[in-house]
Amino acid sequence: MGNNWTAQKFSVGVRSPRSGHWDTSRIPDVVVLPTQQWEALSNREAVIELNETPPILVVEVVSESTQTTDYRSKRSEYAVLEIPEYWIVDPIQEIVTVCTLVEGFYDAVAFRGQERIISSTFPQLDLSTEQVLAGRK
């Protein structure tokens, strides 16, 4: 059975409010979106605009230089954009934080080590934090 979604690495931008401006975009490390939406982007700039359906999931991988941005700025921006789920993969602290949108704000749960990552967006997912972090090295 095929998936009706696709994951794209570094290839899809998300229009986002920064410094009070709505003409900027974020390019998450991974964007998961419906296949139909990805195919529609093939004929134009691959940026999901404000009036379009948000991605299903965005993932950011933390580095020393992006720690504050990934945990604070992007978290609030992605919530405003109503992205249902935002993962913060942090190889520095060795945790994966799954942020789930609830009434306009993210509820966050951190997973460590061999803990199975719980995703309401992908309930069948069977990945541990160690497996996600190993894929990053």
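All of these numbers come straight from a predicted model, not from anything done at the bench.

1. Focus: the pairing of strand E7 (residues 85-90)
Part 1 of the reasoning: Of all six residues in E7, six are buried; the element is thus mostly enclosed.
Part 2 of the reasoning: Where burial is concerned, the two faces of E7 agree: the one with Glu 85, Trp 87 and Val 89 and the one with Tyr 86, Ile 88 and Asp 90 are both buried.
Part 3 of the reasoning: Sheet topology places strand E6 (residues 57-61) next to E7; five bridges connect them, and they run parallel. Across the sheet, the residue bridging to Val 59 is Trp 87, located in E7.
Part 4 of the reasoning: Taking the sense of rotation as the criterion, the β-α-β connection linking E6, helix H2 (residues 67-80) and E7 turns out right-handed.
Part 5 of the reasoning: Looking at chain direction, E7 and strand E8 (residues 95-102) are connected through six bridges and run antiparallel. In the sheet register, Val 89 faces E8, and the bridge partner there is Val 96.
Part 6 of the reasoning: Joining the antiparallel neighbours E7 and E8 is a turn of four residues, in which Glu 94 adopts a positive phi near 60°.

2. Things to note about unusual backbone geometry
Part 1 of the reasoning: Of note in the backbone geometry, Glu 82 takes a positive phi value of approximately 60° without being a glycine.
Part 2 of the reasoning: Its place among the elements puts Glu 82 in the loop between H2 and E7.
Part 3 of the reasoning: Glu 82 gets classed as exposed once you look at its relative accessible area, which sits at 55%.
Part 4 of the reasoning: Residues other than glycine seldom take positive phi values, yet Glu 103 does so here, at roughly 50°.
Part 5 of the reasoning: Looking at where Glu 103 falls in the secondary structure, it is placed in the loop between E8 and strand E9 (105-112).

3. Some thoughts on the layout of surface pockets
Part 1 of the reasoning: In this structure, the largest pocket encloses a volume near 550 Å³.
Part 2 of the reasoning: If you trace the largest pocket, you find 21 residues lining it, with Val 30, Val 59, Trp 87, Val 89 and Val 132 closest to the centre.
Part 3 of the reasoning: When contributions to the lining of the largest pocket are tallied by element, the ones reaching two or more residues are strand E1 (5-9), strand E4 (30-34), E6, E7 and helix H3 (129-136).
Part 4 of the reasoning: In terms of residue count, the dominant contributor to the lining of the largest pocket is E1 (four residues).

4. Brief notes about H2
Part 1 of the reasoning: Helix length check: H2, at 14 residues, gives a terminal C-alpha distance of 20 Å against a target of 20 Å (1.5 Å per residue), a fit within 8%.
Part 2 of the reasoning: Along H2, the sharpest kink reaches roughly 35°, centred on Lys 74.
Part 3 of the reasoning: If you check which residues of H2 are buried, you get Asp 70, Lys 74, Glu 77, Tyr 78 and Ala 79.
Part 4 of the reasoning: Positive phi appears at Glu 82, one or two residues downstream of H2, with a value of about 60°.

5. Overview of the pattern of salt bridges
Part 1 of the reasoning: Considering all chains together, one arrives at four salt bridges under this definition.
Part 2 of the reasoning: A salt bridge links Glu 60 to Lys 74; the shortest N-O distance between them is 3.3 Å. Here Glu 60, found in strand E6, pairs with Lys 74, found in helix H2; they are 14 residues apart in sequence, far enough to count as distant. An identical accessibility class is assigned to Glu 60 and Lys 74; each is buried.
Part 3 of the reasoning: Of the charged contacts, one joins Asp 70 and Lys 74 as a salt bridge, the two residues approaching to 3.0 Å between their closest N and O atoms. Highlighted residues: Asp 70 and Lys 74, both in helix H2, separated by four residues, approximately one helical turn. The pair formed by Asp 70 and Lys 74 is uniform in burial state, with each residue classed as buried.
Part 4 of the reasoning: Through salt bridges with shared partners, a single ionic network connects Glu 60, Asp 70 and Lys 74.

The rules behind each value
Along each chain, residue indices are assigned from 1 in the same order as the chain's sequence is written. Local features in this predicted model are restricted to residues whose pLDDT is 70 or higher, and side-chain atom pairs enter the listing and the counts only when it is 80 or higher, whereas totals over whole chains, interfaces and linings include all residues. By convention in this description, side-chain values take in all heavy atoms of the structure and omit both hydrogens and water. Note on exposure labels: buried denotes an accessible area under 20% of the residue type's maximum, exposed denotes more than 50%, and partly exposed covers the range between, all computed with a 1.4 Å probe on protein chains only. Only DSSP runs of H or I reaching four residues or more are called helices, and only runs of E reaching two or more are called strands; each is numbered from the N terminus. In this analysis, strands are considered paired if DSSP registers two or more bridges between them. A right-handed crossover is one whose linking path, passing over the helix from the first strand to the second, runs clockwise when the strands point away from the viewer. Definitions used throughout: a 1 Å grid over protein atoms alone; a cavity as a set of points that fits a 1.4 Å probe which cannot get out; a pocket as an open set with protein on both sides within 12 Å along at least five of seven lines; a lining residue as one with an atom within 4 Å of a point. Grid points are joined across faces, edges and corners, and a volume is the space filled by probe spheres set on the points. Multiply 1.5 Å by the residue count of a helix minus one, and that product is the helix's expected span. Think of it this way: the bend at a residue is just the angle between two axes, each fitted to seven residues, one set ending at that residue and the other starting at it. Salt bridge, as applied in this entry: a Lys or Arg side-chain nitrogen positioned within 4 Å of an Asp or Glu carboxyl oxygen.

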